[in-house]
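Residues per chain, in single letters:
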Amino acid sequence: MTQVPVGVRPTKRCLADLGLSVPDLGHPLDELDNPVVAAAQAVPEQRDAGGARRILALCDRVWFKVKTADQRAVVTQLHDDDLPDGLPRDAGTWWIGAAGRRQADSPQRDFYESIKRECTEGKTVSTTRLLPADWDWKRFTAEQAVAWRREMKKMVLRLISMSLTTGKLAVAEFRHHRVKALVRLDEDHEAYLAIIAEGIPDPAIFALLLDCVPGVTPDDWQPEPSPLAEMEPAPGEIIWSTLLRSEVASAILDLDTAR
């Protein structure tokens, strides 16, 4: 399985603090072009090296300071009890809970003092309001789905391109599954494409695989064995095939080369 990089994500509240608009789902929030977000990416490594600065006043959990020019932020790492089920390991654990500007002229207007006041009621400190909410988790899950789809399409195009250029079966491992592509000419010199998968019991996932092939509609595919490719699936395999028009083959080769 592809390892998910550890990113420090701004919450929706943090985006509002920084005056940032929400980008499309193809742009992960931890990769936003913003000084605070960029500086926050160093906090996990700084923490591991003993160089991250804690905010001692926020004592219900560990928070770290982020400073850049006149901007400030607070960053924390979530642990198992804080995380939704089903996340990849190390994904979605680091978050920027809030951000603001340094106010040197008045201690009462200092960003960290204001966060302390916001999270303190009497003698109780609770930073729960700074943690990711439902919107943040839904956004994170949607980003993961888009990235997963993009990775799958890149892999499918690469396999088809390999088979087109070699005439042989191309095989790849993808998220615990084995995916194969085979392009062949029949006796009438027509090309067909077969997509073969092992270990994908969910028809919706296989449908996504087929949808990664540009210029081929769902109605163009047929399950094997069929008169088209006359392929017999092995135990645990699913095979769908389609005629591969020359313009589609050329487009696939161009897309694979451009990546």
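Conventions we followed
Residues numbered from 1 in each chain as written. Predicted model: local features only at pLDDT ≥ 70, side-chain atom pairs only at ≥ 80, totals over all residues. Heavy atoms only, no water. Core = buried A, V, L, I, M, F, W, Y, C linked by side-chain atoms within 4.5 Å. Buried < 20%, exposed > 50% of the residue type's maximum accessible area, 1.4 Å probe, protein only. Helix = DSSP H or I, 4+ residues; strand = E, 2+ residues; numbered from the N terminus. Contact = heavy atoms within 4.5 Å. Arc of directions from axis to C-beta. 1 Å grid on protein atoms, 1.4 Å probe; cavity = no way out; pocket = protein on both sides within 12 Å on 5 of 7 lines; lining within 4 Å. Points joined across faces, edges and corners; volume = space filled by probe spheres on them. Pairing = 2+ DSSP bridges. Axes fitted to C-alpha atoms, helices over the stretch in contact; angles between N-to-C directions. Disulfide = S-S within 2.5 Å. Phe/Tyr/Trp six-rings, centres within 6.5 Å; stacked < 30°, edge-to-face > 60°. Lys NZ or Arg CZ within 6 Å of the ring centre and 35° of its normal.

(A) Broad picture of the nonpolar core. Counting residues in each nonpolar core, the largest one holds 29 residues, and the members touching the most others are Met-155, Ile-160, Leu-193 and Leu-209. For this core, the secondary-structure elements that each account for two or more residues are helix 5 (134-166), strand 7 (170-174), strand 8 (177-185), strand 9 (191-198), helix 6 (203-211) and helix 7 (246-258). Per-element accounting of this core gives the leading share, seven residues, to helix 5. Residues within four places of Ile-160 in sequence aside, it is in contact with Ala-181, Val-183, Leu-193, Ile-195, Val-213 and Ile-252.

(B) Broad picture of helix 6. Of all the residues in helix 6, the buried ones are Phe-206, Leu-209 and Leu-210. Down the axis of helix 6, the sector holding all buried residues measures 95°, keeping them to one side. Those residues of helix 6 that are buried are in contact with helix 5, strand 8, strand 9 and strand 11 (237-243).

(C) Representation of the layout of surface pockets within the structure. The calculated volume of the second largest pocket comes to roughly 190 Å³. What lines the second largest pocket is simply Pro-201, Pro-203, Phe-206, Ala-207, Leu-210, Asp-211, Val-216, Thr-217, Pro-218, Trp-221, Ile-238 and Trp-240. Elements that contribute at least two residues to the lining of the second largest pocket include exactly helix 6 and strand 11. With five residues, the top contributor of residues to the lining of the second largest pocket is helix 6.

(D) Quick peek at the environment of Gln-103. On the secondary structure map, Gln-103 appears in the loop between strand 4 (94-101) and helix 4 (111-118). Considered as a pair, Gln-103 and His-79 are 24 residues apart in the sequence and their alpha carbons are 32 Å apart. Leave out the neighbours within four places in its chain, and Gln-103 touches Arg-109 and Asp-110.

(E) Representation of unusual backbone geometry within the structure. In this chain, Glu-224 is followed by Pro-225 through a cis amide linkage whose omega measures 5°. Along the chain, Pro-225 turns up in the loop between strand 10 (222-223) and strand 11. Positive phi values are uncommon outside glycine, yet Ala-69 reaches one of about 50°. Relative to the helices and strands, Ala-69 resides in the loop between strand 2 (63-68) and strand 3 (71-77).

(F) View of the sheet that holds strand 1 (residues 8-10). Strand order in the open sheet formed by four strands is 1-4-3-2, with mixed pairing between adjacent strands. Two strands lie at the open edges of the sheet, namely strand 1 and strand 2, each paired on one side alone. Averaged over all neighbouring strand pairs, the angle between strand axes comes to 35°, with direction disregarded. The sheet contact formed by strand 3 and strand 4 spans seven bridges and is antiparallel. Looking at strand 4, one finds that Gln-71 is bridged to Arg-101. Across the face of the sheet, helix 4 comes into contact with strand 2, strand 3 and strand 4 while running at roughly 50° to strand 3. Sheet contacts for helix 5: strand 1 and strand 4; angle to strand 1, the most-contacted strand, approximately 125°.

(G) Main features of the pairing of strand 11. The pairing of strand 9 with strand 11 spans seven bridges and is antiparallel. Within the sheet, the bridge partner assigned to Ala-197 lies in strand 11 and is Ile-238. Note that strand 10 and strand 11 share two bridges and pair antiparallel. Looking across to strand 11, one finds that Gln-222 is bridged to Ser-241.

(H) Fine view of the state of the cysteines. A full pass over the atoms with the stated rule returns zero disulfides. Among the cysteines around Cys-119, which has no disulfide bond, Cys-59 carries the closest sulfur, lying 10 Å off.

(I) Spatial organisation of the sheet that holds strand 9. Spatially, five strands are ordered 7-8-9-11-10 in an open sheet, and the strand pairing comes out antiparallel. Strands at the two margins of the open sheet, each flanked by one partner only, are strand 7 and strand 10. The sheet strands contacting helix 6 are strand 8, strand 9 and strand 11, and the helix crosses strand 9 at an angle near 150°.

(J) Broad picture of the packing of aromatic side chains. One pass over the structure, following the stated rule, counts four aromatic pairs. Judged by centre distance (5.1 Å) and plane angle (70°), the ring pair of Phe-111 and Tyr-112 falls under edge-to-face. Judged by relative accessible area, which is 5%, Phe-111 ranks as buried. We classify Tyr-112 as buried; its relative accessible area is 11%. Joined through ring pairs, the aromatic side chains of Trp-95, Trp-137 and Phe-140 make up one cluster. A cation over an aromatic ring shows up here: Lys-65 above the ring of Tyr-112, its NZ or CZ 5.1 Å from the ring centre.

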